[in-house]
Structures are given as structure tokens and as C-alpha cells.
Amino acid sequence: MPFHIEISSALEQARVLNVSEGELRRQILEPWVAGLPFGFDGHDWEPRESRLTILEGPELEPQDGAEAAWAEALRAAEDVTRRMLEAAEASAPPQVAVVIEADSVEEALRDLRAGKPPRQLPWANAVERIAGRDPEVSAVILVVKRPQIEWPQF
């Protein structure tokens, strides 16, 4: 069964009918549970500043007016927001940030090379500190996995 989605914030609202489970997971749930901003239906969303409603029900035909279409979704579908978010959280890989306390980037790298263990911080807390421009954060080092290069076959 398809899903019908409503995301709203203080300034914007998006309602999209007939979203597949794969689209829901990739486009909304994965960034939502990670606390990361994401784009959906032409808008940028910040999970901490938005409200999400997920309805599961029969495929709906577009109607004249968004309000009528959403009213039909509310009548014909079941609210599965909590269940879908809990499932997404349970299957999400743990996201942590590594914190090294030092007076400079150079000192932090020296401490790491010397075997001083960093401490872990939940990713959402790290994002808050960075986004809030915490004056105690003097540097951020982002390490990403190397992409797998697929060489063309000749």
C-alpha cells in the first residue's frame, strides 16, 4: 500500500499522496531519524523544526484542491507515523561523532597519533554544537568513505 505524507513547519507545508515505501525510507525517514536536513516536494526540511505525518492506505486519485485530497487520505488511511519512525530508528546505523579535546588541530592530531582515545558524542548533539556555532568547537574534521570506482569494461 502506498503512503501519504504531510510535513509541516512554522512556514511551510507539503502533502504528497501515493509515496512508495522505498521513497519514504530514502527521502524522508533516513534523514529524519539522523536529524539531518533534507529536501522533499520542493522544500527544505529540518527534522527538529518540522512535524511529520505518515498515513498508509489505498492509492488515491488526485482531487481538485489539496485540502480535499488530504481529507480523503485521512479518511481512507491509517496513521503509521510512530511505527514507521520506530522501525527506521531501529534499523539506522548508529551515528556518532568523535570528539578530541585539544587547543589546536595540530595538537588533536598529535594526541591521536600518540594513542590518546577520543570520546564519542551522539551525532545529533554534535550537529547542534556545530550548527549553534558553539565557541568551544575550534575545528571539524569530516571523514567519508572512499567511493567505489567502477572502471569501464573494455
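As the structure is a prediction and not an experimental result, all values here were calculated from the model.

A few words now on the nonpolar core. Of all hydrophobic cores here, the largest spans 19 residues; its most connected members are I5, I7, L24, F40, L52 and I54. Of all the secondary-structure elements, those providing two or more residues to this core are strand 1 (3–8), strand 2 (13–19), helix 1 (21–34), strand 3 (38–40), strand 5 (51–56) and helix 3 (81–91). Core analysis: the second largest hydrophobic core is formed by five residues, L60, W70, A73 and A77 among them.

Mapped onto the elements, I100 comes out in the loop between strand 7 (96–99) and helix 4 (105–113). With 27 residues separating them in the primary sequence, I100 and A73 have C-alpha atoms 49 Å apart. Sequence-distant contacts of I100, that is, excluding residues within four places in its chain, are made with A108, L112 and P118.

Looking now at the layout of surface pockets. Within this model, the largest pocket holds a volume of roughly 880 Å³. Put simply, the parts of the chain that give the lining of the largest pocket at least two residues each are strand 7, helix 4, strand 8 (119–122) and helix 5 (123–131). Residue classes in the lining of the largest pocket are distributed as 20 nonpolar, two polar and four charged. Volume-wise, the second largest pocket comes out at about 250 Å³. E30, V33, A88, A92 and P93 are, among the 13 residues lining the second largest pocket, the residues nearest its centre. Residue assignment for the lining of the second largest pocket shows that the elements contributing at least two residues are helix 1, helix 3 and helix 5.

Our focus in this paragraph is the pattern of salt bridges. Opposite charge on two side chains permits pairing when their charged atoms draw close. Summed over all chains, the structure comprises 11 salt bridges. Salt-bridge contacts for R25 lead to E21; the nearest nitrogen and oxygen are separated by 2.7 Å. Here R25 pairs with E21, and both are found in helix 1, just four residues apart, close to one helical turn. With relative accessibility at 29%, the residue R25 sits in the partly exposed group. The salt bridge partner of E136 is R129, with a shortest N-O separation of 3.7 Å. Look at E136 and you get exposed, because its relative accessible area is 66%. One salt-bridge network, held together by shared partners, links E6, R15, R51 and E67.

This next bit is on the sheet that holds strand 2. One open sheet holds the four strands; their spatial order is 2-1-5-6, and the pairing between them is antiparallel. Each edge of the open sheet is held by one strand with a lone partner, namely strand 2 and strand 6 (78–79). Pairing between strand 1 and strand 2: five bridges, direction antiparallel. Residue E6 lies in a different strand from strand 2, and its bridge partner there is R15.

What counts as what
- Residues numbered from 1 in each chain as written.
- Predicted model: local features only at pLDDT ≥ 70, side-chain atom pairs only at ≥ 80, totals over all residues.
- Heavy atoms only, no water.
- Core = buried A, V, L, I, M, F, W, Y, C linked by side-chain atoms within 4.5 Å.
- Buried < 20%, exposed > 50% of the residue type's maximum accessible area, 1.4 Å probe, protein only.
- Helix = DSSP H or I, 4+ residues; strand = E, 2+ residues; numbered from the N terminus.
- Contact = heavy atoms within 4.5 Å.
- 1 Å grid on protein atoms, 1.4 Å probe; cavity = no way out; pocket = protein on both sides within 12 Å on 5 of 7 lines; lining within 4 Å.
- Points joined across faces, edges and corners; volume = space filled by probe spheres on them.
- Nonpolar A, V, L, I, M, F, W, Y, C, P; charged D, E, K, R; others polar.
- Salt bridge = Lys/Arg side-chain N within 4 Å of Asp/Glu carboxyl O.
- Pairing = 2+ DSSP bridges.

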